[in-house]
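Letter by letter, the chains look like this.
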Amino acid sequence: MAKAGAAVAPTFALAQFAASLQGDALPGGIQSTLGELFLDYVRVASIGAGMPWSAWADAYMADLGGQGRAAVLFRPERRDAVRAAFLNATYAGSIDADDTHVGSMLHPGSIVFSAALALADEVGADGKDFIAAVAAGYEAMIRIGLSIQPTHFRRGFQSTATCGGFGAAVAAARLAFNGEQAADQKIASSIGLVASFSGGLTQFYKSGSTVKRIHAARAAENGVAAALLARRGFSGPQDIIEGSNGFARAYADAADFSIVTDGLGSDYRLREVTVKAHACSARVQAAVEGLLDLCKTNRIDPDEVVDVFVGIPAVILGRLTIPRPIDVQAAQMSLPHSAALAVALARSAEDGFALSVTDYESSLHDPRVKRIEQRVRCEVDPEVEAATTAESVPARVIITLTDGTKHSTFVPAPKGSPSRPFTHDDHIARFRRELAKRLTGKACDEIVDIAQNLADLDKVGRITDLLAAARTR
């Protein structure tokens, strides 16, 4: 099943990498990227914390009871590390606006930051250990995901849920066993434990439901639990990724373990992460962007649109091209619906406009959006297929009006992807725009300053104290 070529066993390679990684030794560009990803994590979590399902998660955890030292974002109460990771990842990972690695088909930030924050509070970590844990978690999660795609997805697994636990376990274990003897073996054992908790299916694409809202949360929860179980004496197989009855064999038809180990510690795959502009699938972002730009630039009246052609790669045909979504989650995953929503809203959109969960909630039964959706055609386009990479999915869009006029554009990569990243100023502006609803200007300034120099932070508790004290919305 696996391709040859990996000299070091992947499970233990990841554990050794995490145990030895020093945050203040990370390349400057990686430190800056992680600071920006942290601001985006907090921004998205602030939006997500106000969603109905976040209230459900809060109530669920209240029913379970238990207090601890770990902060819950935007909430005054403290929880144990496992429950805090679940809640914070629910907030950050439930609205489909969190960062994404396209090739591995997963959302790392909402999981890894939630796990690392929970353990940082638990052990009183400083910034350099926090940033090392986060970097190691991102790398583990992305590399494992890449090594088993695309057959993992084709089998019906959602890799945020299945691979996310690895990112959380590595981040949490890096903090839990920091400086201990045989830390690499304990981290490897945590990886071995969390693999047995792995799960997450994609039937929601077809049947709807709200289960995807907690896929990231369960992964974060499981990863933190694995590290804490290992700290108390439990162990997991230290060859769980590559073993003959291990994760790759169980969850994919093929695996390339060299992806896990090649360049580990020098070639950071977290550079390939996309920061989303819109609250929908990363693979439909380019189409949404193209349609918004076309309609706004040409002042297109939605009622005059008779045809919307979207050229796509074959990889998204099927699961992301299902029309007439039955609920909000399905709508966010539907290219036909997202395209129709973009056309309907573009004319009145201000600069910096982004499709939100609220827009999708409003659109689900909107007659105008439904009418436009009937005119959306998604077809495999050879040029789009050729331009698709592990970092981004392009799109060609053509709008035809009642008088026969056609407007078209080709978007090679969406805004926020590695080849078209948000600027540092963009990240700060997006963070401030949202967090000003919860924090004073002084507190926003302090978090921005901390994010720009995470490795220099004396105690991560300074961040969690600020965020736990934020106003509710």
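Residues numbered from 1 in each chain as written. Predicted model: local features only at pLDDT ≥ 70, side-chain atom pairs only at ≥ 80, totals over all residues. Heavy atoms only, no water.

Quick notes on the side chain of R269
What counts is decided by this rule: Put simply, DSSP marks the helices as runs of H or I at least four residues long and the strands as runs of E at least two long, and each gets a number from the N terminus on. A contact between two residues is defined here by any heavy atoms of the two lying within 4.5 Å.
You can see R269 is positioned in the loop between α13 (258–261) and α14 (285–297). Ignoring any residue separated from it by four or fewer positions in sequence, one finds R269 in contact with H101, E139, I142, R143, L146 and I259.

Some points on the side chain of K212
Stated precisely, the cut-off is as follows: A 3.5 Å cut-off defines polar contacts: any pair of N or O atoms within that distance qualifies, except that in protein one atom must be a possible hydrogen donor and the other a possible acceptor, and neighbouring residues in sequence count only when both atoms are side-chain atoms.
Mapped onto the fold, K212 is located in the loop between α10 (204–207) and α11 (215–231). A polar contact of 2.6 Å, which involves the side chain of K212, links it to the side chain of D96. Residues contacting K212, with those up to four places away along its chain left out, are D96, H107, Q158, F204, Q329 and M333.

Brief notes about the pattern of salt bridges
Applied cut-off: Salt bridges, as used here, are contacts in which a Lys or Arg side-chain nitrogen is within 4 Å of a carboxyl oxygen on Asp or Glu. Only protein chains enter the area calculation, which uses a 1.4 Å probe; residues under 20% of their type maximum are buried, those over 50% are exposed, and those in between are partly exposed.
Under the counting rule described, the total for this entry stands at 29 salt bridges. Note that R69 is salt-bridged to E122, the shortest N-O span being 3.4 Å. Of this pair, R69 sits in the loop between α3 (52–64) and β1 (70–71) while E122 sits in helix α5 (residues 109–123), and the two are 53 residues apart along the sequence. On the basis of relative accessible area, R69 is assigned to the exposed category, the value being 51%. In this structure, D80 and R83 form a salt bridge, with 2.7 Å as the shortest nitrogen-oxygen distance. Among the charged side chains, a salt-bridge network with shared partners connects D40, R43 and R430.

What to know about the confidence of the model for the protein
Low pLDDT marks stretches whose predicted atomic positions should not be read closely. Threshold: pLDDT is a per-residue confidence score from the predictor, ranging from 0 to 100.
Put simply, the protein has an average pLDDT of 95, and 99% of its residues get 70 or more. Segment residues 1–6 is flagged for pLDDT under 50; beyond a separation of four residues in sequence, or across chains, it makes 13 contacts in the model.

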